[in-house]
Number of protein chains: 2
Amino acid sequence: MAQAYAQLETLFARLSHIEESLALLHWDMAALMPAGGAESRARQLATLKGLHHDLLTAAATADLLDEAGGEPLSDWQAANLHEMRRDWLHAAALPGDLVTALSRAGSACEMRWRQARAAADFGDVAPFLAELLRLTREAAQVKGQALGLSPYDALLDQYEPGGRIAQIETVFADLADFLPPFLEAVLSRQPPAPAVARGPFPVQSQRALGLRLMEVLGFEFEHGRLDISQHPFCGGTPDDVRITTRYDEADFMRSLLGVIHETGHALYERGLPAAWRGQPVGRARGMSLHESQSLLMEMQACRSRGFMAFAAPLMAEAFGAAGQPGWDADSLYGANVRVAPGFIRVDADEVTYPAHVILRTRLERALIDGSLTVADLPAAWNEGFHSLLGLTPPDDRLGCLQDIHWYDGAFGYFPTYTLGAMTAAQLFAAAGAALPDLDRQIAQGQFAPLLGWLRTHVHAKASSLSTDALLLQATGQPLNPALFKAHLRRRYLDRV
Amino acid sequence: MAQAYAQLETLFARLSHIEESLALLHWDMAALMPAGGAESRARQLATLKGLHHDLLTAAATADLLDEAGGEPLSDWQAANLHEMRRDWLHAAALPGDLVTALSRAGSACEMRWRQARAAADFGDVAPFLAELLRLTREAAQVKGQALGLSPYDALLDQYEPGGRIAQIETVFADLADFLPPFLEAVLSRQPPAPAVARGPFPVQSQRALGLRLMEVLGFEFEHGRLDISQHPFCGGTPDDVRITTRYDEADFMRSLLGVIHETGHALYERGLPAAWRGQPVGRARGMSLHESQSLLMEMQACRSRGFMAFAAPLMAEAFGAAGQPGWDADSLYGANVRVAPGFIRVDADEVTYPAHVILRTRLERALIDGSLTVADLPAAWNEGFHSLLGLTPPDDRLGCLQDIHWYDGAFGYFPTYTLGAMTAAQLFAAAGAALPDLDRQIAQGQFAPLLGWLRTHVHAKASSLSTDALLLQATGQPLNPALFKAHLRRRYLDRV
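A brief report on the enclosed structure follows. Remember, it's a predicted structure, so these values are computed and weren't measured experimentally.

1. Things to note about the interface of chain A and chain B
So, point 1. Contacts between the two partners involve 35 residues from chain A, matched on the other side by 35 residues from chain B.
So, point 2. With both sides pooled, the region where chain A packs onto chain B buries about 2,800 Å², and carbon together with sulfur makes up 56% of that total.
So, point 3. On the surface where chain A and chain B come into contact, there are six salt bridges.
So, point 4. Residue Asp240(B) pairs with Arg41(A) through a salt bridge whose shortest N-O separation is 3.6 Å.
So, point 5. Here chain A and chain B share 14 residue pairs in polar contact (both at pLDDT 80 or more) between them.

So, in structure tokens, the structure goes:
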């Protein structure tokens with residue numbers, strides 16, 4: 001009888017209900033809440049996070065974790081206990097007051113950032129960011145000591161369990177060497193831009209098309225929604241996955257590929273094993289795998305010649321443009337694999353995207369270790385951006401104000417985007433080896449085989465394995481940047 | 001130094017953040033949530049309610065309440081302490097397991113009711129309602145003993161603090177005597193139905209018109225939203241008030257008056273004193289006063305000749321019908337004061353509405369005291385309905401399945417609708433005496449004077465006074481059904 005373990009399962013189920021409530025409150029804040037609700041929402045979030053922290057770090061929890069370690073457990077139960085201990089270590093390291101203060105500062109800063117970004121006025125949000133950074137550095141310090149990690153690794157570990165910046169730097173250095181000459185080669189051989197379909201593209205038509213393609217990919221509308229937010233994201237819970245997008249009537253493709261991206265996230269959440277719902281082992285493994293699922297759909301499967309052949313008629317039909325120039329599969333594909341350095345990360349092409357991530361990773365490490373202050377951030381951003389991509393942002397809206405992450409307290413998150421891109425290439429290659437007909441299936445809008453493979457090799461594993469072990473089992477090798485580089489070469493140099 | 005009191009304020013602020021989170025989760029469940037999210041939402045609600053209960057009934061709370069009673073307090077602080085004790089008494093009476101079980105059973109029953117109502121299949125939801133009733137009776141019993149009240153009064157007191165069924169029965173008996181001959185007189189003298197504007201009325205136009213009139217009444221969109229749900233309601237929090245409606249393209253007036261009704265609720269929430277946000281004394285007084293605020297707007301102020309003169313051109317404009325027959329103020333007013341017995345409470349006119357409430361009050365008293373079983377409810381409903389209004393519902397969708405209340409666990413709520421209607425008539429008469437120009441202002445769409453009077457005499461008082469004391473201060477007399485009857489006579493017999 002694993003009594004201590006059973007008590008822990010009850011405790012963690014309650015914790016998951018609080019986490020799910022927080023997820024909904026966050027989603028609502030981003031998608032629907034009127035501005036005047038911000039202060040009370042911040043108080044709600046802070047209190048729920050504080051209660052979660054109190055419950056998780058109650059005196060009995062440490063004893064139960066120790067006791068349960070001596071009880072006979074199945075493999076999944078043992079993995080669950082491991083994840084419980086991980087959660088507890090992260091939480092117990094922080095005093096409850098600091099958790100509440102971080103939540104309040106994060107909400108206040110995020111709401112201010114919305115105005116500051118619109119007005120390209122970094123100074124307006126700077127004091128809020130400075131306070132949030134101060135609290136984050138304090139948390140990183142305390143947590144790092146408790147976990148035996150550097151402050152930055154302690155933050156990174158929240159999003160990427162087991163992730164260590166030293167290993168990531170090695171991979172990023174490899175990419176940083178590869179990309180500049182590769183980018184030059186791509187730009188020098190890039191064919192002329194194809195004819196591009198002209199808008200306006202009505203929001204309602206864009207939305208209908210997005211819903212149609214979500215369905216093609218396997219999104220279950222009985223268990224989710226599509227809404228609008230300034231910064232698209234995938235929120236909610238596995239049984240009620242909420243994805244968001246934003247619409248630009250001059251450019252439907254940007255929103256559409258964003259919807260496909262978030263659908264990849266949603267399919268991962270939805271594919272987590274129902275039997276382990278609410279338990280730590282039943283959660284998604286970490287952010288690099290999460291990002292791999294969104295990028296596998298957006299970049300590997302759908303930004304392909306085959307998928308464009310399938311989707312082009314649907315797109316033309318959605319906007320009443322069948323037969324007009326620019327709506328054939330070749331033009332749409334060509335427009336979607338253009339490479340052009342630009343200021344905005346979320347609009348970046350696959351080739352320049354890693355440079356955006358490398359910049360942010362460098363800057364946030366410096367912010368956390370104290371070698372960069374908030375006041376100096378805009379200048380450091382612009383200088384770093386110029387040295388990586390040869391461009392200088394004309395204002396901070398196109399610079400250090402563009403992303404929500406830091407303003408919401410998420411330091412240590414950015415590296416997972418590029419880890420995710422590499423993981424996506426590796427998983428898609430493995431899926432292609434296992435499903436010889438994959439390209440043809442995608443070109444016919446048949447996603448069930450691909451989704452089935454992902455369900456089995458990624459989603460159903462949840463957090464029962466480490467990221468490294470999962471990738472090894474699924475693909476036969478550890479994370480290997482060569483597969484990502486090979487993908488880029490094929491698409492952008494060989495133009496297959 | 002009121003130290004115990006100060007600790008209680010901190011505790012009740014945290015409790016209010018949980019209550020606000022629950023309000024948002026409830027609103028989302030009714031307005032947006034996909035059906036597949038129901039089970040996990042029920043677990044979230046149950047856990048948050050359980051945490052709220054644990055926090056409120058923690059061992060220290062009783063001692064703090066006793067200690068604070070001996071501390072020097074301002075009037076508002078003393079009233080706050082009184083409300084805190086009320087909350088505590090209601091909560092401490094119930095074991096935590098029962099609270100959680102009630103929440104789960106309520107969520108499960110409500111979700112099932114949505115299907116059962118659509119299919120007019122009472123049998124489908126009956127086992128869920130029976131279980132919910134079993135738990136509610138248990139709670140009523142236990143709570144009644146703790147509060148020194150009958151089980152039904154213990155339930156009523158949750159919605160109508162200080163409300164007692166014996167007093168309500170006296171008032172309801174008065175109305176039950178007055179109404180049948182009055183109804184007969186109204187029907188015998190009712191003029192022929194005026195020409196009615198024909199639809200379809202597009203949902204988007206209805207929504208735009210609703211938003212326009214919400215603004216006229218004083219709704220602040222920085223602090224609220226209008227959405228859609230099957231059963232319209234006012235939810236959210238004072239800083240983020242969420243009202244809902246449902247649209248029928250064949251009849252815009254029903255939704256529009258519903259929006260005005262919910263706006264009345266929202267203005268009350270929004271007018272609660274900001275200084276007491278999150279404290280029990282800062283909450284709305286009770287459901288009869290809440291309903292008085294919605295009915296004052298819907299029935300007293302806006303279902304009037306004067307308001308229709310103001311609104312008729314806006315309505316005609318909204319649907320591109322200016323100058324067409326049926327869109328003049330007289331026709332619209334005439335159509336809005338038609339009296340016709342019907343099956344659905346929320347569609348009932350002012351004259352027959354009390355009969356709907358009297359029926360439900362009788363039935364729920366019998367369900368709670370055990371003299372009526374769930375299995376016998378449909379027959380008892382149909383028989384009671386026939387004896388009160390001379391009609392027999394053709395199916396349970398038009399009978400005992402029509403309202404959400406019981407299926408959500410809200411027994412003891414129904415009487416507050418008719419108490420609210422009487423209170424609305426009394427408050428509106430007092431406002432008219434204080435504002436001699438009120439009718440003209442309403443006829444010009446100027447609601448600021450009326451809202452100002454309500455803010456001062458009702459909203460700003462929050463829960464610092466009992467319902468009876470508030471009404472006495474605001475109107476100079478206790479609740480007096482004569483004012484409601486005089487209103488009905490003027491509008492429906494004298495046809496002023």
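Structure's up, so let's keep going.
2. A short note on the sheet that holds strand S2 (residues 234–237) of chain A
Residue and element names in this part refer to chain A.
So, point 1. Here we have three strands laid out as an open sheet, ordered S1-S3-S2, and mixed in their pairing. Two strands bound the open sheet, and with one partner strand each, they are strand S1 (224–228) and S2. Strand-to-strand, the axes of this sheet are offset by a mean angle of 20°, without reference to chain direction.
So, point 2. Relative to strand S3 (residues 240–245), S2 runs antiparallel, the two sharing four bridges.

3. Digging into helix H3 (residues 59–69) of chain B
All names here are of chain B.
So, point 1. Restricting attention to buried positions, one finds in H3 the residues Thr 61, Leu 64, Leu 65 and Ala 68. For H3, the arc enclosing every buried residue in end-on projection is 100°, short of the 170-degree limit, so these residues lie on one face. The exposed residues of H3 that point more than 90 degrees off its buried face are Ala 59, Asp 66 and Glu 67.
So, point 2. Against helix H1 (3–31), helix H2 (38–56) and helix H4 (75–92) lie the buried residues of H3.

4. Considering the packing of aromatic side chains
So, point 1. On inspection of all chains with the given rule, the structure shows 40 aromatic pairs over all chains.
So, point 2. Taken together, a centroid distance of 5.2 Å and an interplanar angle of 65° make the contact between Tyr159(A) and Tyr413(A) edge-to-face. On the criterion of sequence distance, the pair formed by Tyr159(A) in helix H7 (residues 151–159) and Tyr413(A) in the loop between helix H15 (377–389) and helix H16 (415–434) is long-range, its members being 254 residues apart.
So, point 3. For Tyr159(A), a relative accessible area of 18% gives the class buried.
So, point 4. Each ring, one from Trp406(A) and one from Phe414(A), has its centre 5.6 Å from the other, and the planes form 90°; the classification is edge-to-face. In this pair, the class of Trp406(A) matches that of Phe414(A), namely buried.
So, point 5. Among the aromatic residues, ring-to-ring pairing joins Tyr159(A), Tyr353(A), Trp381(A), Trp406(A), Phe411(A), Tyr413(A), Phe414(A) and Tyr417(A) into one connected group.
So, point 6. The ring of Tyr417(B) carries the charged tip of Arg345(B) above its face, separated from the ring centre by 4.5 Å.
So, point 7. Seen from the ring of Tyr152(B), Arg365(B) lies directly overhead, with NZ or CZ sitting 6.0 Å from the centre.

5. Regarding the pairing of strand S3 (residues 240–245) of chain B
All names here are of chain B.
So, point 1. Most of S3 sits out of view: six of its six residues are buried.
So, point 2. Sheet analysis places strand S1 (residues 224–228) next to S3, joined by five bridges and oriented parallel. Residue pairing for S3: Leu 226 is matched across the bridge by Ile 243.
So, point 3. Where strand S2 (residues 234–237) folds back onto S3 in an antiparallel hairpin, the turn is made up of two residues.

6. Re the sheet that holds S1(B)
Across a sheet, paired strands are connected by hydrogen bonds in the backbone, their directions being either parallel or antiparallel.
All names here are of chain B.
So, point 1. Pairing is mixed in the open sheet, where three strands are placed in the order S1-S3-S2. Every other strand in the sheet has two partners, leaving S1 and S2 as the edge strands with one partner each. In this sheet, neighbouring strand axes are inclined to one another by 20° on average, regardless of whether the strands run parallel or antiparallel.

7. Digging into unusual backbone geometry
Residue and element names in this part refer to chain A.
So, point 1. In this structure, the amide linkage connecting Gly 199 to the following residue, Pro 200, adopts the cis form with an omega of 0°.
So, point 2. We note that Arg 495 has phi near 50°; this positive angle belongs to a residue other than glycine.
So, point 3. Counting through the fold element by element, Arg 495 comes out in the segment after helix H20 (481–493).

8. Points about the side chain of Asp240(A)
So, point 1. Within the secondary structure, Asp240(A) sits in strand S3.
So, point 2. Among the polar contacts listed, one links the side chain of Asp240(A) to the side chain of Arg242(A), at a separation of 2.8 Å.
So, point 3. With near-sequence residues (within four places) excluded, Asp240(A) lies in contact with His223(A), Gly224(A), Gly235(A), Met33(B), Pro34(B), Gly37(B) and Arg41(B).

9. Description of the environment of Lys49(A)
Residues and elements named next belong to chain A.
So, point 1. Relative to the helices and strands, Lys 49 resides in helix H2 (residues 38–56).
So, point 2. Considering only alpha carbons, one finds Lys 49 and Leu 15, 34 residues apart in sequence, at a separation of 10.0 Å.
So, point 3. Residue contacts for Lys 49: discarding those within four places in its chain leaves Leu 22, His 26, Val 99 and Ser 103.

The rules behind each value
- Residues numbered from 1 in each chain as written.
- Chains lettered and ligands numbered in written order.
- Predicted model: local features only at pLDDT ≥ 70, side-chain atom pairs only at ≥ 80, totals over all residues.
- Heavy atoms only, no water.
- Contact = heavy atoms within 4.5 Å.
- Buried area = accessible area lost by both parts, 1.4 Å probe.
- Salt bridge = Lys/Arg side-chain N within 4 Å of Asp/Glu carboxyl O.
- Polar contact = N/O pair within 3.5 Å; in protein donor to acceptor, adjacent residues only side chain to side chain.
- Pairing = 2+ DSSP bridges.
- Helix = DSSP H or I, 4+ residues; strand = E, 2+ residues; numbered from the N terminus.
- Axes fitted to C-alpha atoms, helices over the stretch in contact; angles between N-to-C directions.
- Buried < 20%, exposed > 50% of the residue type's maximum accessible area, 1.4 Å probe, protein only.
- Arc of directions from axis to C-beta.
- Phe/Tyr/Trp six-rings, centres within 6.5 Å; stacked < 30°, edge-to-face > 60°.
- Lys NZ or Arg CZ within 6 Å of the ring centre and 35° of its normal.

Keep in mind these values describe shape, not function.
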